[in-house]
Amino acid sequence: MQEQLTAILNKAEAELPAVETRPAFEAAKARFVGPNGELTAVMKQMGSVPKEQRPQAGKLINETKTRLQAFLDQALARIENAELASRLGPPNDPTLPCLDAPVGTRHPLTIVREEICRILATLGFTVREGPEVETEYYCFDALCTPADHPARDLQDTYYLPPMARLGNVSRKADERYLLRVHTSSVQIRTLLAEKPPVRILSPGRVFRRDNADATHSANFHQIEGLVVDRGITVCDLKATLDYLFQTLLGPDAKTRFRPHYFGYTEPSFEVDFSAKHLAKIGKDWVEIMGCGMVDPLVLEEVGLDPGEWSGFAFGLGIERIAMIIYGVDDIRHFYTNDVRFLRQFA
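These numbers come from a predicted model, not from an experiment.

Our focus in this paragraph is the packing of helix H2 (residues 22–33) against helix H4 (residues 54–88). Put simply, H2 and H4 touch, their axes get as near as 10 Å, and they point 175 degrees apart. If you check the angle between H2 and H4, you find them roughly antiparallel. Note on element contacts: H4 touches H2 through Leu 68, Leu 72, Ala 75, Leu 76, Ile 79, Glu 80 and Glu 83, opposite Arg 22, Phe 25, Lys 29, Phe 32 and Val 33.

Laid out in structure tokens, this is it:
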């Protein structure tokens, strides 16, 4: 009997791994443990086994039945997994994006910022960034802004507590930290770190103590440009801004300069632009930005000889440009994260 049981197990171990379908599995199962199966036939021989050998024979049959059932279970599990895989189809890559997920868009301020940078990159400008937490030297002192200037008052600028220490923001001396009021500080850091010629853009977020309304916000976004080289004149500045606005707003856009005062440029100008084809403007000329020739005192502060080097600087608000391009009448729409507003720029 033991030889018969061993033969049954060997046969099952050899045949069952080749069974691939459920009908073939049921037929194999019937051959081994069905009413007329091989194991059933051996079990029917128990009546002819001597009484004293029956316990041993029963033990052998039970062990064989257990091992045979394990072979059957393995074969059935393999077939069920194959059937499930067939129903599911080919495996999917879990790292692929969901096809049903809503598609987001770039923020309108990001769109305008990147477009301005793209346009000026064709003139050789590169982007430089700096910390939003700055020091008085880089925001004011190096830009010829005296200590009694209104912009340095607590009513206009966000200062950090006197005991504040920031290891990743360098200071010139023991001046106070503040949230930068413009990105001109990036220009100073660049001129101190790099030798001219320099042609950079410094976009980023700035902070001022303004009451929020349709045209003002306590934080907003600027993009400033700086060129320092030999022989730079106002003509270069005017040509650069004409190219920017004609590319950004259309070939009919025009700019004009009005004399103004900024502490770090001399001469300084307010820039108006005219784009009559844009019905959203509603008037002939609109004030848009400030600019000027870099003050010789600023060049001396960063170790450059004004007799050899000259340059120009300009700065404009990204929100202001976006409001004109898209006809937005309230700056606060840009900050509310209302998807009904943001989806319009898809």
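Right, picking up where we left off after that structure.
What the largest pocket holds in volume is close to 1,200 Å³. Elements supplying a minimum of two residues to the lining of the largest pocket: helix H7 (184–193), strand E5 (219–229), strand E6 (254–262), strand E7 (265–274), strand E8 (286–294), strand E9 (310–317) and helix H10 (318–326). Here the lining of the largest pocket gets six residues from one element, more than from any other, and that element is E8. Each residue belonging to the lining of the largest pocket can be placed in one class, and the counts come to 17 nonpolar, 17 polar and nine charged.

The next subject is empty space enclosed by the protein. One pass over the structure, following the stated rule, counts one cavity of 30 Å³ or more. Quantified by volume, the largest cavity comes out at close to 70 Å³. Taken together, Leu 143, Gln 187, Ile 188, Leu 191, Leu 226, Tyr 264, Thr 265, Val 294, Val 298 and Ala 313 make up the full set of residues lining the largest cavity. With three residues, H7 is the single largest residue contributor to the lining of the largest cavity. Of the residues that constitute the lining of the largest cavity, the class distribution is eight nonpolar, two polar and no charged.

Under the definition given, this model contains nine aromatic pairs. Relative to Phe 273, the ring of Phe 245 lies with its centre 5.8 Å away and its plane at 10 degrees, an arrangement referred to as stacked. Remark: Phe 273 occurs in strand E7 and Phe 245 occurs in helix H8 (residues 234–249); sequence separation between them is 28 residues. In this structure, Phe 245 and Phe 273 share a single accessibility class: buried. Pairing Phe 341 with Phe 345 gives two aromatic rings, centres 5.1 Å apart and planes at 70 degrees, and the pair type is edge-to-face.

Let's shift gears to the pattern of salt bridges. Enumeration according to the criterion identifies 18 salt bridges in this entry. Across the salt bridge formed by Arg 189 and Glu 134, the nearest N and O atoms sit 2.7 Å from each other. Of this pair, Arg 189 sits in helix H7 while Glu 134 sits in strand E2 (residues 133–135), and the two are 55 residues apart along the sequence. Note that Arg 340 is salt-bridged to Asp 338, the shortest N-O span being 2.8 Å. For Asp 338, a relative accessible area of 23% translates into the label partly exposed. A cluster of three or more residues bridged by salt bridges with shared partners is formed by Arg 256, Arg 258, Asp 272 and Glu 287.

A word on H4. The first and last C-alpha atoms of H4 sit 50 Å apart over 35 residues, in line with the 51 Å expected at 1.5 Å per residue. Taken residue by residue, H4 has Ala 57, Gly 58, Leu 60, Ile 61, Thr 64, Leu 68, Phe 71, Leu 72, Ala 75 and Ile 79 as its buried positions. Where H4 is buried, its residues touch helix H1 (2–15), H2 and helix H3 (38–43). Following H4 by one or two positions, Gly 89 adopts a phi angle in the positive range, close to 85 degrees.

Further remarks concern the pairing of E9. Within E9, eight of the eight residues are buried, leaving the element largely enclosed by the surrounding structure. Because side chains alternate across E9, one face comprises the buried residues Ser 310, Phe 312, Phe 314 and Leu 316, and the other comprises Gly 311, Ala 313, Gly 315 and Gly 317, equally buried. Bridge count for E8 against E9 is five bridges, and the pairing is antiparallel. From the neighbouring strand, Met 289 faces E9, where its bridge partner is Leu 316.

Attention now goes to the environment of Leu 191. Looking at the element boundaries, Leu 191 is found in helix H7. A relative accessible area of 4% means that Leu 191 is categorised as buried. Taking C-alpha positions, Leu 191 is 8.6 Å from Leu 299, a pair spaced 108 residues apart along the chain.

Analysis parameters
- Residues numbered from 1 in each chain as written.
- Predicted model: local features only at pLDDT ≥ 70, side-chain atom pairs only at ≥ 80, totals over all residues.
- Heavy atoms only, no water.
- Axes fitted to C-alpha atoms, helices over the stretch in contact; angles between N-to-C directions.
- Helix = DSSP H or I, 4+ residues; strand = E, 2+ residues; numbered from the N terminus.
- Parallel < 35°, antiparallel > 145°, perpendicular 65-115°, else oblique.
- Contact = heavy atoms within 4.5 Å.
- 1 Å grid on protein atoms, 1.4 Å probe; cavity = no way out; pocket = protein on both sides within 12 Å on 5 of 7 lines; lining within 4 Å.
- Points joined across faces, edges and corners; volume = space filled by probe spheres on them.
- Nonpolar A, V, L, I, M, F, W, Y, C, P; charged D, E, K, R; others polar.
- Phe/Tyr/Trp six-rings, centres within 6.5 Å; stacked < 30°, edge-to-face > 60°.
- Buried < 20%, exposed > 50% of the residue type's maximum accessible area, 1.4 Å probe, protein only.
- Salt bridge = Lys/Arg side-chain N within 4 Å of Asp/Glu carboxyl O.
- Expected span 1.5 Å × (residues − 1).
- Pairing = 2+ DSSP bridges.

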